[in-house]
Amino acid sequence: MDSILVRGNGPLNGVIPIAGAKNACLTLMPATLLSEGPLTLTNAPRLSDIRTMTTLLQSLGAEVSSLQDGKVLAMSSHNLSNLTADYDIVRKMRASFLVLGPMLARAGQAVVSLPGGCAIGARPVDLHLMAMEALGADLELREGYVHAKAPKGLTGAVIEFPFVSVGATENAVMAATLAKGTTVLRRAAREPEIVDLVRCLRKMGAQIEGEGTDTITIEGVDRLTGATHPVVTDRIELGTYMLAPAICGGEVEFLGGRIDLVSAFCEKLDAAGVSVEETERGLKVKRRNGRVSAVDVVTEPFPGFPTDLQAQMMALLCTAEGVSVLEEKIFENRFMHAPELLRMGARIEVHGGQATVTGVEKLRGARVMATDLRASVSLILAALAAEGETVVSRVYHLDRGYERVEEKLGACGALIERVSG
Ligand code: EPZ
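All of these numbers come straight from a predicted model, not from anything done at the bench.

S.K.: Please clarify how the pairing of strand β11 (residues 182-186) should be interpreted in this entry.
M.R.: Each regular strand displays side chains that alternate between the two surfaces of the sheet. Pairing geometry for strand β10 (residues 158-160) and β11, over 3 bridges, is parallel. For valine 158, the partnering residue across the bridge sits in β11 and is valine 184. After leaving β10, the chain enters helix α6 (residues 166-176) and then returns to the sheet as β11, a path that is right-handed. In this structure, β11 lies alongside strand β13 (residues 215-219), joined through 5 bridges in antiparallel fashion. Within β13, the position partnered with threonine 182 by the bridge is glutamate 219.

S.K.: Even after reading the chapter, I still don't get the side chain of glutamate 406, so can you show me in this structure?
M.R.: Mapping glutamate 406 onto the fold places it in helix α14 (residues 405-410). Since its relative accessible area comes to 19%, glutamate 406 is described here as buried. Polar side-chain contacts of glutamate 406 include one of 2.7 Å to the side chain of arginine 418. Leave out the neighbours within four places in its chain, and glutamate 406 touches Ile4, Ile416 and Arg418.

S.K.: Could you clarify how one ought to interpret empty space enclosed by the protein in this entry?
M.R.: Picture a little ball the size of a water molecule; that probe, rolled over the atoms, points out where space is still empty. With the rule as written, the count across this model stands at 1 cavity of 30 Å³ or more. As a volume, the largest cavity reaches approximately 40 Å³. Lining of the largest cavity is provided by Ala21, Lys22, Asn23, Glu193, Asp234, Ile236 and Arg374. When the residues that make up the lining of the largest cavity are grouped by side-chain class, the tally is 2 nonpolar, 1 polar and 4 charged.

S.K.: Would you take a moment to explain the site of the ligand for this structure?
M.R.: Lining the immediate surroundings of the ligand are 21 residues, of which Asp126, Leu127, Ser165, Asp308 and Ile330 lie closest. One of the side-chain nitrogen or oxygen atoms of lysine 22 is found 3.0 Å away from an oxygen atom of the ligand. Here an oxygen atom of the ligand sits 3.0 Å away from a polar atom, N or O, in the side chain of arginine 123. Taking 830 Å² as the accessible area of the ligand by itself, protein coverage stands at 87%. Secondary-structure elements contributing two or more residues to the shell around the ligand are α1 (22-28), α5 (126-134), α6 and α12 (373-385). Here the shell around the ligand gets 3 residues from one element, more than from any other, and that element is α5. In terms of residue class, the shell around the ligand is made up of 10 nonpolar, 5 polar and 6 charged.

S.K.: Is there a simple way to think about the pairing of β13 in this case?
M.R.: Residues Ile216 and Ile218 line the buried face of β13, whereas the alternating positions Thr215, Thr217 and Glu219 sit on a face that is not buried. Across 3 bridges, the pairing between strand β12 (residues 207-209) and β13 is antiparallel. Each residue of the ladder has a partner; that of glutamate 209, found in β13, is threonine 217. Taking the residues between adjacent antiparallel strands as the criterion, β12 and β13 are bridged by 5 residues, where glycine 210 takes a positive phi near 95°.

S.K.: Help me understand the pattern of salt bridges in this model?
M.R.: Note that side chains of opposite charge can pair when their charged atoms are close. By the definition in use, this model includes 23 salt bridges. Linking aspartate 2 and arginine 418 is a salt bridge whose minimum nitrogen-to-oxygen distance equals 3.5 Å. Placement of aspartate 2 in the segment before β1 (3-7) and of arginine 418 in strand β24 (residues 415-419) is noted, with a sequence separation of 416 residues between them. Judged by its relative accessible area of 27%, aspartate 2 falls in the partly exposed class. On the basis of relative accessible area, arginine 418 is assigned to the partly exposed category, the value being 26%. The structure contains a network of salt bridges with shared partners spanning Arg46, Asp69, Glu403, Arg404 and Glu407.

Conventions we followed
Here the residue numbering is sequential within each chain, running from 1 through the sequence in written order. Only residues with pLDDT of at least 70 get local features here, since the model is predicted, and only at 80 or more are side-chain atom pairs given and counted; chain-wide, interface and lining totals rely on the full set of residues. Water and hydrogen atoms play no part in the side-chain values, which are based on all heavy atoms of the structure. In this analysis, strands are considered paired if DSSP registers two or more bridges between them. Helix and strand assignments come from DSSP, with helices taken as H or I runs of at least 4 residues and strands as E runs of at least 2, each series counted from the N terminus. Orienting the strands away from the viewer, one traces the path from the first strand over the helix to the second; a clockwise path indicates a right-handed crossover. Partly exposed describes any residue whose relative accessible area lies between the buried limit of under 20% and the exposed limit of over 50%, with all areas from a 1.4 Å probe on protein chains only and scaled to the type maximum. In protein, a polar contact means a hydrogen-donor-capable atom and an acceptor-capable atom, both N or O and within 3.5 Å, with residues adjacent in sequence counting only if both atoms are side-chain atoms; elsewhere, any N or O pair within 3.5 Å suffices. Any pair of residues with heavy atoms lying within 4.5 Å of one another is described as a contacting pair. Cavities and pockets are defined on a 1 Å grid built over the protein atoms alone: a cavity is a set of grid points where a 1.4 Å probe fits but cannot escape, while a pocket is an open set with protein on both sides within 12 Å along at least five of seven lines, and lining residues are those with an atom within 4 Å of any such point. Grid points are joined across faces, edges and corners, and a volume is the space filled by probe spheres set on the points. All residues other than Ala, Val, Leu, Ile, Met, Phe, Trp, Tyr, Cys, Pro, Asp, Glu, Lys and Arg, Gly among them, are scored as polar; the first ten of these are nonpolar and the last four charged. Neighbouring residues are identified by heavy atoms, a residue being near a molecule or strand if any of them is within 4 Å of it. The Shrake-Rupley method, run with a 1.4 Å probe, gives the accessible areas here. Residue values count only the displayed protein chains as cover. Salt bridges are identified by distance alone: a Lys or Arg side-chain nitrogen within 4 Å of an Asp or Glu carboxyl oxygen.

That's the geometry; what it means functionally is another story.
So this is what it looks like as structure tokens:
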């Protein structure tokens, strides 16, 4: 298992290109199952999760070609030769569950392994199943798989989610595109990745209104065509790297950065003393003073502060002047980076869904372990600002969501290298 070695090296200066969004690509790819026409995605990120989704779609009979060094995904699913999404793939990546809605809508049946939990929480899929049943599917849970049938096709329905779920909204939107009649999703997720999915589905001939609001209306159509669609910028990769000059000092420009994708996050950066300026090519970030100030953070569904940036923000606040309180309201176990940051000299007290961080002048390098995708990059950020050397192990977590992290940070002056082992 590879590790990443980082030596604190002062301010960072330079340019970082931001890739296409992992979490948009992971819902755009299953959309190919909805149509016999070719679906081509450009600006695709080069990540292990994308390779996992590719393997899954190919196992169902879809053709997926990775072109231009992985930045273009040319897909088509003339005939779905296999309607079972196998446990061995689904357990590795929960987003695999997003093939349920498209398969059910296209083929009238689907057998999909339940994804099981993951490090950050139990992450049930009951809202996905509720939506499929509301659209007329018969579901049976057997031996860890969901057996879904809709032999006469799906029928539009009004679906009121009890709370916001990104994945359940995505599964329901995709399934409803081919249902008979009208579907209305209430308390739908508003994430930019869903807006991107709807824009792609609309190019494929879907009739959808309301994306980006909490009510999405879908008029079912008989069939969808192919399309070509650019994956939206990754707001979580963007926010993650924006914290590098914030924690180290210096000034970095982020190519492709869009302030509308990270507005709640930028409000917190501003309150902490970090300025964000829009440029022709994206966003430019630098600290206003020598040390950032403590701020309180509560994670919420979009447009609130994203849970996927909580771990990274905690790394910054470990070096802030003052005491910050972070409240994680989306997942029940998303503070696993805290014990690792403590090893670097941070002062953090976790009680349930709340972490209280007392900032310190300097963190110290240490051997630490990545526990999940966003925790791993939180440790990299802390290491950039720490005195001495940090070794982050189990970086396979990192490779799921960040392409070439050592190149991107190294280009701005960070002393960071991958150690195979
Ligand atoms: C998506 O996960 C993202 N993943 C996550 O990013 C992100 O943290 C999350 O949305 C919230 O923004 C992808 O897009 C591939 P949810 P998802 O359904 O769809 C509970 C990353 O780091 N819930 O909005 O699984 C659930 O347990 C990943 O890139 C149910 O109880 O998230 C959680 O507590 C991590 N029943 C909350 O709702 C359900 O049926 C929000 O989950 C579904 C969800």
